[in-house]
Amino acid sequence: MRALYKVNDDRLKRNVFGLEFENPVGLAAGFDKEAKLYNELANLGFGFIEIGTLTPKGQAGNPKPRLFRLPEDSALVNRMGFNNEGVEAAVERLKKRKTKVMIGGNIGRNKVTPNEQANDDYYIAFHALYEYVDYFVVNVSSPNTPNLRELQDKKPLTALLQMLKD
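Residues numbered from 1 in each chain as written. Predicted model: local features only at pLDDT ≥ 70, side-chain atom pairs only at ≥ 80, totals over all residues. Heavy atoms only, no water.

Participant: What should I look at first to understand the pattern of salt bridges in this one?
Facilitator: Summed over all chains, the structure comprises seven salt bridges. Here Asp 9 ties to Arg 11 by a salt bridge, and the two come within 2.6 Å at their closest N and O atoms. The salt bridge involving Arg 93 is made with Glu 85; its shortest N-O contact spans 3.0 Å. For Glu 85, a relative accessible area of 43% gives the class partly exposed. Here the salt bridges do not stand alone but share partners, grouping Glu 34, Lys 36, Glu 85 and Arg 93 into one network. (Salt bridge = Lys/Arg side-chain N within 4 Å of Asp/Glu carboxyl O. Buried < 20%, exposed > 50% of the residue type's maximum accessible area, 1.4 Å probe, protein only.)

Participant: Honestly, the pairing of strand S8 (residues 135–138) in this entry has me stumped. Any pointers?
Facilitator: Looking along a regular strand, one sees side chains alternate from face to face of the sheet. Bridge analysis of strand S7 (residues 102–107) against S8 gives four bridges, and the strand direction is parallel. Each bridged residue has a counterpart across the sheet, and for Ile 107 the counterpart in S8 is Val 138. Each parallel crossover has a hand, and for S7 linked through helix H4 (residues 118–129) to S8 it is right-handed. (Pairing = 2+ DSSP bridges. Helix = DSSP H or I, 4+ residues; strand = E, 2+ residues; numbered from the N terminus. Right-handed = clockwise from strand over helix to strand, strands pointing away.)

Participant: Even after reading the chapter, I still don't get the nonpolar core, so can you show me in this structure?
Facilitator: Grouped burial of nonpolar side chains is what soluble globular proteins tend to show. Of all hydrophobic cores here, the largest spans 29 residues; its most connected members are Ile 49, Ile 51, Leu 94, Ile 103, Tyr 122 and Leu 129. Secondary-structure elements contributing two or more residues to this core are helix H2 (38–41), strand S4 (48–54), helix H3 (87–94), S7, H4 and helix H5 (154–165). Here this core takes six residues from H4, the largest share from any one element. Sequence-distant contacts of Ile 51, that is, excluding residues within four places in its chain, are made with Ala 29, Asp 32, Lys 33, Ala 35, Leu 94, Ile 103, Gly 104, Gly 105, Asn 106, Leu 129 and Val 133. (Core = buried A, V, L, I, M, F, W, Y, C linked by side-chain atoms within 4.5 Å. Contact = heavy atoms within 4.5 Å.)

Participant: Sorry if this is basic, but what is going on with the packing of aromatic side chains here?
Facilitator: Two aromatic rings are characterised by how far apart their centres lie and by the angle between their planes. Inspection of every chain in the model, using the stated rule, returns five aromatic pairs. Arranged with centres 5.6 Å apart and planes meeting at 80°, the rings of Phe 21 and Phe 48 form a pair that is edge-to-face. Highlighted residues: Phe 21 in strand S2 (residues 19–21) and Phe 48 in strand S4, separated in sequence by 27 residues. Judged by centre distance (4.3 Å) and plane angle (35°), the rings of Phe 126 and Phe 136 are tilted. Within this pair, whereas Phe 126 is found in helix H4, its partner Phe 136 is found in strand S8, the two being separated by ten residues in sequence. Counting every residue linked through ring pairs, the aromatic cluster contains Phe 21, Phe 48 and Tyr 135. (Phe/Tyr/Trp six-rings, centres within 6.5 Å; stacked < 30°, edge-to-face > 60°.)

Below, the structure is given as structure tokens:
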């Protein structure tokens, strides 16, 4: 697979915030939610692979079907709800990392956690993944997690990002 899909060309390299990416084409969060396939997916030539969204505790996500098409509207509906086994399960798999591809950790809060305690959830996931990923994505945009988008407001978002930075 690597011979077919991986291209090594210095013109593709990107330096973003001090991180050196082999190329600008990555795999977004949601495909390898559980960090189960990142070693194999790296053979497809991605410049980075983002795992998650991971929450401190595992959660089932929304009832199925969570992903479906509406052909009459030419639409694809995603109602996953951060289904994952929890950050510690992903960390155990990341300890077996064989690839040098950049790995991003996409983190979120559990569905049952109120926004007043959201920073605790993000801290737990951040702290657990810190040694095993190359960068973080802080997910505050899922419409499937109650009130999560309220964290996009300036005050809570600034406080969350400052806490993680500290």
